[in-house]
Amino acid sequence: MIDFRSDTVTRPTQAMRDAMANALVGDDVYGDDPTINELEAWAAERHGFEAALFTSSGTQANLLGLMAHCERGDEYLCGQQAHNYKYEAGGAAVLGSIQPQPVENNPDGSLCFSKLEAAIKPDDFHFARTKLLSLENTINGKVLPLSYLAQAREFVNKHNLQLHLDGARVYNAAVALDVDIKEIAQHFDSMTICLSKGLSAPVGSLLLGTTEYIQKARRIRKMLGGGMRQAGILGAAAKLALTEQVPQLAIDHSNAKYLAEQLNTVVGFNVNVKHIQTNIVFARLDSQIDIHDVVQKAKEQDILLSASNPIRFVTHKDVSKENIDTFIEFLKREA
(Lines give C-alpha, C1' and ligand atoms only; values in the text may rest on other atoms or scores of the structure.)
Protein backbone atom coordinates (compact mmCIF):
# COMPACT_ATOMS: atom_id res chain seq x y z
CA MET A 1 0.00 0.00 0.00
CA ILE A 2 1.27 3.46 -0.97
CA ASP A 3 -0.58 6.11 1.02
CA PHE A 4 -0.21 9.77 0.02
CA ARG A 5 -3.25 11.05 1.98
CA SER A 6 -1.39 12.25 5.08
CA ASP A 7 1.63 11.68 7.29
CA THR A 8 -0.82 10.62 10.01
CA VAL A 9 -0.76 7.15 8.42
CA THR A 10 2.86 6.53 9.47
CA ARG A 11 3.36 3.35 11.45
CA PRO A 12 5.60 3.13 14.53
CA THR A 13 9.16 1.93 14.05
CA GLN A 14 10.34 -1.38 15.46
CA ALA A 15 12.32 0.55 18.07
CA MET A 16 9.09 2.24 19.15
CA ARG A 17 7.29 -1.10 19.37
CA ASP A 18 10.10 -2.52 21.50
CA ALA A 19 10.10 0.54 23.77
CA MET A 20 6.33 0.34 24.18
CA ALA A 21 6.49 -3.33 25.11
CA ASN A 22 9.07 -2.66 27.81
CA ALA A 23 7.92 0.74 29.10
CA LEU A 24 7.73 1.39 32.82
CA VAL A 25 4.17 2.43 33.58
CA GLY A 26 1.94 3.73 36.36
CA ASP A 27 -1.34 5.61 36.68
CA ASP A 28 -0.76 8.94 34.96
CA VAL A 29 -3.90 10.52 36.43
CA TYR A 30 -2.27 10.04 39.83
CA GLY A 31 0.98 11.33 38.37
CA ASP A 32 2.56 7.90 38.87
CA ASP A 33 3.62 6.99 35.33
CA PRO A 34 7.43 7.31 35.27
CA THR A 35 7.69 7.22 31.47
CA ILE A 36 5.18 10.04 31.02
CA ASN A 37 6.76 12.07 33.82
CA GLU A 38 10.17 11.72 32.21
CA LEU A 39 8.78 12.56 28.75
CA GLU A 40 7.03 15.71 29.96
CA ALA A 41 10.05 16.94 31.94
CA TRP A 42 12.42 16.23 29.06
CA ALA A 43 10.12 17.81 26.45
CA ALA A 44 9.69 20.98 28.50
CA GLU A 45 13.44 21.45 28.87
CA ARG A 46 14.17 20.47 25.27
CA HIS A 47 11.81 23.13 23.90
CA GLY A 48 12.56 25.87 26.41
CA PHE A 49 9.32 25.79 28.44
CA GLU A 50 8.64 25.26 32.13
CA ALA A 51 6.22 22.34 31.72
CA ALA A 52 4.62 19.96 29.24
CA LEU A 53 1.50 17.83 29.03
CA PHE A 54 1.04 14.63 27.02
CA THR A 55 -2.33 14.48 25.25
CA SER A 56 -4.14 11.92 23.13
CA SER A 57 -4.22 14.03 19.94
CA GLY A 58 -3.28 17.30 18.32
CA THR A 59 -6.90 18.39 18.36
CA GLN A 60 -7.04 17.83 22.11
CA ALA A 61 -3.73 19.64 22.63
CA ASN A 62 -4.96 22.65 20.65
CA LEU A 63 -8.27 22.72 22.51
CA LEU A 64 -6.52 22.58 25.88
CA GLY A 65 -4.13 25.25 24.66
CA LEU A 66 -6.95 27.63 23.75
CA MET A 67 -9.05 26.90 26.85
CA ALA A 68 -6.10 27.37 29.19
CA HIS A 69 -5.48 30.83 27.71
CA CYS A 70 -9.08 32.01 27.32
CA GLU A 71 -12.18 32.10 29.49
CA ARG A 72 -15.79 31.93 28.31
CA GLY A 73 -16.61 34.93 26.15
CA ASP A 74 -12.98 35.55 25.20
CA GLU A 75 -11.71 35.57 21.64
CA TYR A 76 -8.65 34.31 19.81
CA LEU A 77 -7.24 35.54 16.51
CA CYS A 78 -6.17 33.00 13.90
CA GLY A 79 -6.02 32.35 10.16
CA GLN A 80 -8.94 31.34 7.96
CA GLN A 81 -6.95 28.20 7.14
CA ALA A 82 -5.94 27.49 10.73
CA HIS A 83 -6.48 23.88 11.73
CA ASN A 84 -7.80 24.83 15.16
CA TYR A 85 -10.42 27.02 13.48
CA LYS A 86 -11.36 25.09 10.35
CA TYR A 87 -10.71 21.41 11.01
CA GLU A 88 -11.35 20.75 14.70
CA ALA A 89 -15.16 20.63 14.75
CA GLY A 90 -15.53 24.06 16.35
CA GLY A 91 -14.25 22.68 19.65
CA ALA A 92 -13.07 26.00 21.07
CA ALA A 93 -16.52 27.54 20.54
CA VAL A 94 -18.54 24.46 21.53
CA LEU A 95 -16.55 23.31 24.54
CA GLY A 96 -14.71 26.45 25.61
CA SER A 97 -17.24 29.16 24.67
CA ILE A 98 -14.27 30.89 23.00
CA GLN A 99 -14.97 33.00 19.94
CA PRO A 100 -12.58 32.58 17.00
CA GLN A 101 -11.80 35.66 14.92
CA PRO A 102 -10.25 34.37 11.69
CA VAL A 103 -8.21 36.57 9.37
CA GLU A 104 -7.41 35.68 5.78
CA ASN A 105 -4.07 33.92 5.38
CA ASN A 106 -1.52 35.41 3.01
CA PRO A 107 -0.30 33.10 0.20
CA ASP A 108 2.77 32.23 2.31
CA GLY A 109 0.55 31.19 5.24
CA SER A 110 1.30 34.25 7.37
CA LEU A 111 -1.26 36.71 8.75
CA CYS A 112 -1.18 40.44 8.04
CA PHE A 113 -0.49 42.34 11.27
CA SER A 114 -2.55 45.32 10.11
CA LYS A 115 -5.57 43.07 9.63
CA LEU A 116 -4.95 41.41 12.97
CA GLU A 117 -4.72 44.78 14.67
CA ALA A 118 -8.00 45.85 13.10
CA ALA A 119 -9.65 42.67 14.39
CA ILE A 120 -8.73 43.29 18.05
CA LYS A 121 -11.87 44.29 19.92
CA PRO A 122 -12.06 47.47 22.03
CA ASP A 123 -12.18 47.11 25.80
CA ASP A 124 -15.97 47.43 25.87
CA PHE A 125 -18.56 45.10 27.38
CA HIS A 126 -20.32 44.86 24.01
CA PHE A 127 -17.45 42.81 22.61
CA ALA A 128 -15.65 39.57 23.24
CA ARG A 129 -12.28 40.10 24.91
CA THR A 130 -9.41 39.49 22.51
CA LYS A 131 -6.86 37.46 24.47
CA LEU A 132 -4.77 35.37 22.11
CA LEU A 133 -3.13 35.09 18.70
CA SER A 134 -2.78 31.54 17.39
CA LEU A 135 -0.36 30.78 14.55
CA GLU A 136 0.32 27.52 12.72
CA ASN A 137 3.77 26.39 11.54
CA THR A 138 3.94 24.73 9.12
CA ILE A 139 0.64 25.63 7.46
CA ASN A 140 -0.28 23.76 4.28
CA GLY A 141 3.36 22.79 4.08
CA LYS A 142 4.60 26.39 4.19
CA VAL A 143 7.14 27.52 6.77
CA LEU A 144 6.76 30.79 8.67
CA PRO A 145 10.14 32.60 8.71
CA LEU A 146 11.85 33.27 12.03
CA SER A 147 11.71 36.99 11.27
CA TYR A 148 7.91 36.77 11.04
CA LEU A 149 7.71 34.93 14.36
CA ALA A 150 9.77 37.69 15.97
CA GLN A 151 7.34 40.27 14.54
CA ALA A 152 4.43 38.25 15.94
CA ARG A 153 6.05 38.37 19.38
CA GLU A 154 6.39 42.13 19.14
CA PHE A 155 2.77 42.40 17.99
CA VAL A 156 1.31 40.45 20.92
CA ASN A 157 3.52 42.30 23.40
CA LYS A 158 2.26 45.62 22.01
CA HIS A 159 -1.39 44.54 22.31
CA ASN A 160 -1.12 42.58 25.58
CA LEU A 161 -2.04 39.26 23.97
CA GLN A 162 -0.72 35.74 24.43
CA LEU A 163 0.85 33.85 21.51
CA HIS A 164 0.07 30.18 20.83
CA LEU A 165 1.63 27.92 18.21
CA ASP A 166 -0.20 25.04 16.61
CA GLY A 167 3.01 23.14 15.97
CA ALA A 168 1.51 19.97 14.51
CA ARG A 169 4.41 19.90 12.03
CA VAL A 170 6.74 22.33 13.77
CA TYR A 171 9.66 19.92 13.45
CA ASN A 172 9.17 20.01 9.69
CA ALA A 173 9.55 23.78 9.96
CA ALA A 174 12.72 23.47 12.04
CA VAL A 175 14.24 20.96 9.61
CA ALA A 176 13.35 23.12 6.61
CA LEU A 177 14.90 26.19 8.26
CA ASP A 178 17.87 24.12 9.49
CA VAL A 179 17.55 25.51 13.02
CA ASP A 180 17.16 24.04 16.47
CA ILE A 181 13.53 23.75 17.54
CA LYS A 182 14.11 26.31 20.32
CA GLU A 183 14.68 28.99 17.67
CA ILE A 184 10.98 28.65 16.83
CA ALA A 185 9.63 27.85 20.29
CA GLN A 186 11.24 30.87 21.98
CA HIS A 187 8.67 33.27 20.54
CA PHE A 188 5.59 31.55 21.98
CA ASP A 189 3.77 31.42 25.30
CA SER A 190 2.45 27.96 24.44
CA MET A 191 3.02 25.40 21.74
CA THR A 192 1.74 22.03 20.58
CA ILE A 193 3.72 19.28 18.87
CA CYS A 194 2.07 16.36 17.08
CA LEU A 195 4.03 13.16 17.56
CA SER A 196 1.97 10.92 15.27
CA LYS A 197 2.52 12.60 11.89
CA GLY A 198 5.93 12.49 10.25
CA LEU A 199 7.54 11.72 13.61
CA SER A 200 5.73 8.35 13.45
CA ALA A 201 4.55 7.76 17.02
CA PRO A 202 1.27 5.80 17.07
CA VAL A 203 -0.63 8.24 19.30
CA GLY A 204 -0.18 11.58 21.00
CA SER A 205 0.73 15.26 21.06
CA LEU A 206 2.37 17.58 23.55
CA LEU A 207 1.26 20.94 24.92
CA LEU A 208 4.00 23.16 26.37
CA GLY A 209 3.85 26.32 28.46
CA THR A 210 4.42 27.71 31.94
CA THR A 211 3.89 25.51 35.00
CA GLU A 212 0.70 27.38 35.97
CA TYR A 213 -0.64 27.16 32.40
CA ILE A 214 0.01 23.42 32.14
CA GLN A 215 -1.63 22.81 35.53
CA LYS A 216 -4.76 24.51 34.21
CA ALA A 217 -4.58 22.51 30.97
CA ARG A 218 -4.19 19.27 32.94
CA ARG A 219 -7.41 20.01 34.83
CA ILE A 220 -9.25 20.74 31.57
CA ARG A 221 -7.84 17.54 30.04
CA LYS A 222 -9.41 15.57 32.88
CA MET A 223 -12.70 17.43 32.40
CA LEU A 224 -12.70 16.44 28.72
CA GLY A 225 -12.05 12.79 29.50
CA GLY A 226 -8.44 12.96 28.40
CA GLY A 227 -6.85 11.61 31.56
CA MET A 228 -5.05 8.36 30.77
CA ARG A 229 -3.85 5.60 33.07
CA GLN A 230 -0.82 3.53 31.98
CA ALA A 231 0.02 6.04 29.27
CA GLY A 232 3.74 5.30 29.45
CA ILE A 233 3.20 2.68 26.76
CA LEU A 234 2.50 5.59 24.42
CA GLY A 235 5.02 7.92 26.03
CA ALA A 236 7.88 5.54 25.27
CA ALA A 237 7.17 5.84 21.55
CA ALA A 238 6.69 9.60 21.86
CA LYS A 239 10.21 10.08 23.22
CA LEU A 240 11.69 8.20 20.28
CA ALA A 241 9.60 10.27 17.89
CA LEU A 242 11.33 13.41 19.14
CA THR A 243 14.82 11.94 19.07
CA GLU A 244 15.34 9.17 16.53
CA GLN A 245 12.74 10.23 13.94
CA VAL A 246 13.57 13.90 13.38
CA PRO A 247 16.26 13.18 10.72
CA GLN A 248 13.63 11.31 8.68
CA LEU A 249 11.83 14.59 8.00
CA ALA A 250 14.62 15.84 5.75
CA ILE A 251 14.18 12.71 3.63
CA ASP A 252 10.43 13.35 3.50
CA HIS A 253 11.08 16.90 2.27
CA SER A 254 13.44 15.66 -0.42
CA ASN A 255 10.90 13.09 -1.55
CA ALA A 256 8.19 15.75 -1.71
CA LYS A 257 10.31 17.84 -4.06
CA TYR A 258 11.04 14.73 -6.16
CA LEU A 259 7.33 13.88 -6.28
CA ALA A 260 6.49 17.42 -7.41
CA GLU A 261 9.06 17.27 -10.20
CA GLN A 262 7.79 13.89 -11.38
CA LEU A 263 4.14 14.96 -11.31
CA ASN A 264 5.01 17.74 -13.73
CA THR A 265 6.02 15.07 -16.26
CA VAL A 266 2.46 13.67 -16.27
CA VAL A 267 -0.03 15.13 -18.74
CA GLY A 268 -2.74 17.07 -16.92
CA PHE A 269 -0.87 17.51 -13.60
CA ASN A 270 0.59 20.87 -12.64
CA VAL A 271 2.74 21.62 -9.58
CA ASN A 272 4.65 24.78 -8.67
CA VAL A 273 7.83 23.13 -7.44
CA LYS A 274 9.07 26.42 -5.95
CA HIS A 275 6.24 26.24 -3.41
CA ILE A 276 7.44 22.91 -1.97
CA GLN A 277 9.08 23.70 1.35
CA THR A 278 8.41 20.61 3.43
CA ASN A 279 6.53 17.33 2.91
CA ILE A 280 3.27 18.56 1.36
CA VAL A 281 2.63 18.85 -2.36
CA PHE A 282 -0.44 20.34 -4.04
CA ALA A 283 -1.04 19.26 -7.65
CA ARG A 284 -3.74 20.90 -9.75
CA LEU A 285 -5.44 18.74 -12.35
CA ASP A 286 -6.65 19.92 -15.74
CA SER A 287 -10.42 20.29 -15.93
CA GLN A 288 -10.89 17.30 -18.24
CA ILE A 289 -9.47 14.90 -15.64
CA ASP A 290 -12.00 13.26 -13.32
CA ILE A 291 -10.35 13.29 -9.91
CA HIS A 292 -12.72 10.67 -8.51
CA ASP A 293 -11.83 8.34 -11.39
CA VAL A 294 -8.12 8.84 -10.70
CA VAL A 295 -8.60 8.14 -6.99
CA GLN A 296 -10.63 4.99 -7.65
CA LYS A 297 -8.19 3.56 -10.20
CA ALA A 298 -5.28 4.34 -7.90
CA LYS A 299 -7.02 2.57 -5.02
CA GLU A 300 -7.36 -0.53 -7.19
CA GLN A 301 -3.56 -0.47 -7.43
CA ASP A 302 -3.19 -0.06 -3.64
CA ILE A 303 -2.37 3.63 -3.95
CA LEU A 304 -4.38 5.93 -1.69
CA LEU A 305 -5.02 9.57 -2.67
CA SER A 306 -7.13 12.46 -1.40
CA ALA A 307 -10.16 13.18 -3.61
CA SER A 308 -9.65 16.91 -4.09
CA ASN A 309 -8.44 19.31 -6.75
CA PRO A 310 -5.76 20.32 -6.15
CA ILE A 311 -4.76 16.94 -4.78
CA ARG A 312 -2.77 17.13 -1.57
CA PHE A 313 0.08 14.63 -1.45
CA VAL A 314 1.97 14.13 1.83
CA THR A 315 5.29 12.31 1.95
CA HIS A 316 6.45 10.41 5.04
CA LYS A 317 8.70 7.57 6.13
CA ASP A 318 6.42 4.94 4.58
CA VAL A 319 6.67 6.55 1.11
CA SER A 320 9.97 5.94 -0.70
CA LYS A 321 11.31 7.26 -4.00
CA GLU A 322 10.60 3.82 -5.43
CA ASN A 323 6.98 4.21 -4.32
CA ILE A 324 6.84 7.58 -6.06
CA ASP A 325 8.22 6.07 -9.26
CA THR A 326 5.59 3.32 -9.11
CA PHE A 327 2.87 5.94 -8.70
CA ILE A 328 4.13 8.08 -11.59
CA GLU A 329 4.26 5.01 -13.85
CA PHE A 330 0.63 4.30 -12.93
CA LEU A 331 -0.42 7.86 -13.81
CA LYS A 332 1.33 7.74 -17.16
CA ARG A 333 -0.34 4.43 -18.01
CA GLU A 334 -3.72 5.91 -17.21
CA ALA A 335 -3.11 9.23 -18.98
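Counting starts from 1 at the beginning of each chain's written sequence and moves along it residue by residue. Local features in this predicted model are restricted to residues of pLDDT 70 or higher, and side-chain atom pairs are both shown and tallied only at a pLDDT of 80 or more, whereas totals for entire chains, interfaces and linings draw on every residue. Side-chain figures throughout are based on the complete set of non-hydrogen atoms in the structure, without hydrogens or water.

Enquirer: What am I meant to see in the pairing of strand β7 (residues 190-194) here?
Expert: Exposure is judged per residue with a 1.4 Å probe applied to protein chains only, and the accessible area is read against the type maximum: over 50% gives exposed, under 20% gives buried, and values in between give partly exposed. Strands here are runs of E lasting at least two residues and helices are runs of H or I lasting at least four, both read from the DSSP assignment and numbered beginning at the N terminus. For β7, the tally of buried residues reaches five of five residues, placing the bulk of the element in the interior. Examined bridge by bridge, strand β6 (residues 162-166) and β7 share two bridges and lie parallel to one another. Its bridge partner being in β7, H164 is matched across the sheet by S190. Two strands pair if DSSP finds at least two bridges between them. With four bridges connecting them, β7 and strand β8 (residues 205-209) associate as antiparallel partners. Of the residues in β8, the one forming a bridge with M191 is L208.

Enquirer: What's the story with a nonpolar patch on the surface in this structure? I'm lost.
Expert: Taken together, the side chains of V94, L95, M223 and L224 make up a nonpolar region of the molecular surface, amounting to roughly 400 Å² of accessible area. Mapped onto the elements of the fold, V94 is located in helix α5 (residues 91-96). Under the relative-accessibility criterion, V94 is labelled exposed at 62%. To count toward a patch, a residue needs a relative accessible area over 30% and no salt bridge; like charges are then connected within 9 Å, while nonpolar side chains (Val, Leu, Ile, Met, Phe, Trp, Tyr) are connected within 5 Å. Accessibility throughout is a Shrake-Rupley quantity obtained with a 1.4 Å probe, and a residue counts as covered only by protein chains that appear here. Each salt bridge in this description consists of a side-chain nitrogen of Lys or Arg and a carboxyl oxygen of Asp or Glu lying within 4 Å of one another.

Enquirer: Honestly, the sheet that holds strand β12 (residues 311-314) in this entry has me stumped. Any pointers?
Expert: Two pairing modes exist for strands in a sheet, parallel and antiparallel, and in both the strands are linked by backbone hydrogen bonds. What the three strands build is an open sheet, ordered β9-β10-β12; its pairing is antiparallel. A strand with exactly one partner marks an edge of an open sheet, and here the two such strands are β9 (269-270) and β12. The pairing of strand β10 (residues 280-285) with β12 spans four bridges and is classified as antiparallel. For F282, the partnering residue across the bridge sits in β12 and is R312. Two residues qualify as a contact provided that any one of their heavy atoms is within 4.5 Å of a heavy atom in the partner residue. The axes are straight lines fitted to the C-alpha atoms, using for helices just the contacting stretch, and the angles between their N-to-C directions are given from 0 to 180°. Helix α12 (residues 248-263) contacts β9, β10 and β12 of the sheet and is inclined by roughly 10 degrees relative to β10.

Enquirer: In this structure, what is going on with the nonpolar core? I would like to understand it.
Expert: One recurring pattern in soluble globular proteins is that nonpolar side chains are buried together. Judged by nonpolar contacts, the single largest core of 52 residues is most densely connected at F54, L133, L135, Y171 and M191. At six residues, the largest contribution of residues to this core is made by helix α11 (residues 232-243). Residue types Ala, Val, Leu, Ile, Met, Phe, Trp, Tyr and Cys, when buried and joined through side-chain atoms within 4.5 Å, form a set referred to as a nonpolar core. V294, I303, I311 and F327 belong to the second-largest nonpolar core, a separate cluster that totals 28 residues.

Enquirer: Help me out: how do you make sense of the packing of helix α3 (residues 58-69) against helix α10 (residues 211-223) in this one?
Expert: How two helices pack is summed up by the angle between their axes together with the distance between the axes. For the pair α3 and α10, the least separation of the axes is 9 Å and the interaxial angle reads 120 degrees. Between α3 and α10, the angle is such that the two are oblique. Once α3 is placed against α10, the crossing between them reads as right-handed. Where α3 abuts α10, its residues Q60, L64, G65, M67, A68 and H69 lie against Y213, K216, A217, I220 and R221. Each residue gets one label: Ala, Val, Leu, Ile, Met, Phe, Trp, Tyr, Cys and Pro are nonpolar, Asp, Glu, Lys and Arg are charged, and the others, such as Gly, are polar. Split by residue class, the contact of α3 with α10 holds six nonpolar, three polar and two charged. Any angle between 65 and 115 degrees counts as roughly perpendicular, while under 35 counts as roughly parallel, over 145 as roughly antiparallel, and the rest as oblique. Crossings are assigned a handedness: left-handed for a near helix turned anticlockwise from the far helix by less than a right angle, right-handed for a clockwise turn.

Enquirer: Explain α12 to me, please; I cannot follow it from the model alone.
Expert: An α-helical turn contains 3.6 residues, so a residue and the one three or four places further along point in the same direction. Compared with the 22 Å implied by 1.5 Å per residue over 16 residues, the 22 Å span of α12 between its first and last C-alpha is a close match. For α12, the set of buried residues is Q248, L249, D252, H253, N255, A256, Y258, L259, A260 and L263. Each element contacted by the buried residues of α12 is listed here: α8 (170-177), β9, β10, β12 and α14 (321-334). Multiply 1.5 Å by the residue count of a helix minus one, and that product is the helix's expected span.

Enquirer: What am I meant to see in the packing of aromatic side chains here?
Expert: Centre-to-centre distance and the angle between the planes together describe a pair of aromatic rings. In summary, the pairing rule links any two rings of Phe, Tyr or Trp, Trp by its six-membered ring, whose centres are within 6.5 Å, and it sorts them by plane angle into stacked for under 30 degrees, edge-to-face for over 60 and tilted for everything else. Evaluated as defined, the whole model comprises six aromatic pairs. Measuring from centroid to centroid gives 5.6 Å for F4 and F313, while their planes differ by 80 degrees, and the two rings are edge-to-face. Here the residue F4 occupies a position in the loop between β1 (2-3) and α1 (14-21), and F313 occupies one in strand β12, the gap between them amounting to 309 residues. Of the two residues, F4 and F313, neither departs from the other in class, the shared state being buried. Residues F327 and F330 carry aromatic rings whose centres are separated by 6.4 Å and whose planes lie at 25 degrees to one another, so their mutual orientation is stacked. Separated by three residues within a single helix, F327 and F330 lie in helix α14, roughly one turn from each other. Note on accessibility: F327 and F330 belong to one class, buried. Cluster of aromatic residues (ring-pair linked, three or more members): F4, F313, F327 and F330. Across from the ring centre of W42, 4.9 Å away, lies the NZ or CZ of K239, which sits over that ring. Our definition puts a charge over a ring when NZ of Lys or CZ of Arg is within 6 Å of the ring centre and also within 35 degrees of the ring normal.

Taken by themselves, the reported measurements are silent on function.
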